[in-house]
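Inside the fold
Here's the letter readout for the chains.
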Amino acid sequence: MIKINVEDPEFETVYCDIKERYLSRTYFPKLIVGTGLSVSMNIPGMTGLSEELSKRFNEKPYEEFKETWDAYKGVVVDQGLEAALLQIPQSSSNFVENIRTITGRFILAKDYESREDIIQNNSGFEKLLNYLSRTVSPNNNIIDIMTPNYDLIIEAIADKLNLPTVLGFSGNLFQKFDNEYLRNPYIIYRKNVQLLRLFKPHGSVNWINNNNQILQVNDYSYMNEHSNDIEIIAPGSFKYEYGMTHEIFRAHRECFNEIISSKEMDYSIFIYGYGFHDSQFDIVFENTNNNVIVLTMELEQSIINRALTHKNWTLFYKSIIGTQKNDKNDSFMVYKGELYIINQNLWDLNVFSNIFFGGN
């Protein structure tokens, strides 16, 4: 294993190559953003959601499901929430529906609490998005991001940067979905307008099911009042099936998959804080010949093995899932098929952005 410091002259070559292959106008990235972003903004990930579910299933409104939840608690502790929920049988649909409701309410409240931090602080993700908005080609003025996250962090940061977001909905306070608008935002916007097109195939806390019509709502009071009707896919065994049959979830998944499967353009794939637990997207990553860069705290060994045998993959990570946590200051980089120990936590987007984009 090779040791490298960010301050070393040798890293300058790595730095320039990463800027060119993953962040340039020539290979402008398509982004996949996972729960790592949410956690960095103090919105709880699976651990926080596990604690919330445990708390709620011990309260009176949910007492009929307490025994069912208790049956999975050991798996939650040993393997994590998502692994536990994958074991829920199809017959437990009422239990899953309550998980969905609790999750939606919980993330909505935590998302609202994060607003002031987003406004006041210049996060690593904001620096990345700001950099990309200056790099994107005027001939193809769309920044594409897919996220399985339910929260509105990406939308809030885009607003802060005066970057319009497109999710296929149109209107003002109560917006309606049009698949054609998702696929071609310029049927509404002028061609020279720079856009962020956001794909949320697992739903969003501001998508409200109003008598079987899904509305994208920009009124927090209304969202809070109708929090039982937030349209998201609960983590677990129902996720894949529901994502395949739900019109809007399916439209978001299919459109993004078409974009990152396209052979008509050169682009990179920039992955941040994503756990590679969604087979709908992971198969595309496995088959792609495009340059892929991954920043995440923990990675499966299988992803590291892939990067070691595919020189177009670059990884920055802290630990391998299922092994002892890395408590040292050092992190790891896989670059052009070689494994390095590196002295900066470049898996952390705040650190990565400070080094690659500076203080702007």
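You'll find the structure just up there.
The paragraphs below set out a description of the structure included in this document. (Residues numbered from 1 in each chain as written. Predicted model: local features only at pLDDT ≥ 70, side-chain atom pairs only at ≥ 80, totals over all residues. Heavy atoms only, no water.)

Here we take up the sheet that holds strand S7 (residues 195-199). Taken in spatial order, the 10 strands line up as S1-S17-S16-S14-S12-S11-S2-S3-S7-S4 in an open sheet, and their pairing is mixed. The open sheet has two edge strands with one neighbour each: strand S1 (2-4) and strand S4 (165-166). Note that strand S14 (residues 313-317) and strand S16 (residues 331-335) share 4 bridges and pair antiparallel. Across the sheet, residue Phe-316 finds its bridge partner in S16, namely Met-333. Lying on the sheet, helix H1 (residues 9-23) is in contact with S1, strand S11 (269-272), strand S12 (292-295), S14, S16 and strand S17 (338-342); it crosses S16 at an angle near 65 degrees. (Pairing = 2+ DSSP bridges. Helix = DSSP H or I, 4+ residues; strand = E, 2+ residues; numbered from the N terminus. Contact = heavy atoms within 4.5 Å. Axes fitted to C-alpha atoms, helices over the stretch in contact; angles between N-to-C directions.)

What follows is about unusual backbone geometry. The backbone of Asn-42 sits at a positive phi, close to 70 degrees, despite the residue not being glycine. Looking at Asn-42, the relative accessible area reads 58%, which means it is exposed. The phi angle at Asn-212 is positive, at roughly 70 degrees, despite the residue not being glycine. Position of Asn-212 relative to the elements: it lies in the loop between strand S8 (203-210) and strand S9 (213-217). (Buried < 20%, exposed > 50% of the residue type's maximum accessible area, 1.4 Å probe, protein only.)

Summary: where empty space remains is shown by rolling a probe the size of a single water molecule over the atoms. The space that makes up the second largest pocket amounts to roughly 500 Å³. Glu-155, Asp-159, Thr-165, Asn-206 and Asn-218 are, among the 24 residues lining the second largest pocket, the residues nearest its centre. Every element with two or more residues in the lining of the second largest pocket is listed here: helix H6 (93-113), helix H7 (115-120), helix H9 (153-160), S4, S9 and helix H11 (220-225). A class-by-class count of the residues in the lining of the second largest pocket yields 15 nonpolar, 5 polar and 4 charged. (1 Å grid on protein atoms, 1.4 Å probe; cavity = no way out; pocket = protein on both sides within 12 Å on 5 of 7 lines; lining within 4 Å. Points joined across faces, edges and corners; volume = space filled by probe spheres on them. Nonpolar A, V, L, I, M, F, W, Y, C, P; charged D, E, K, R; others polar.)

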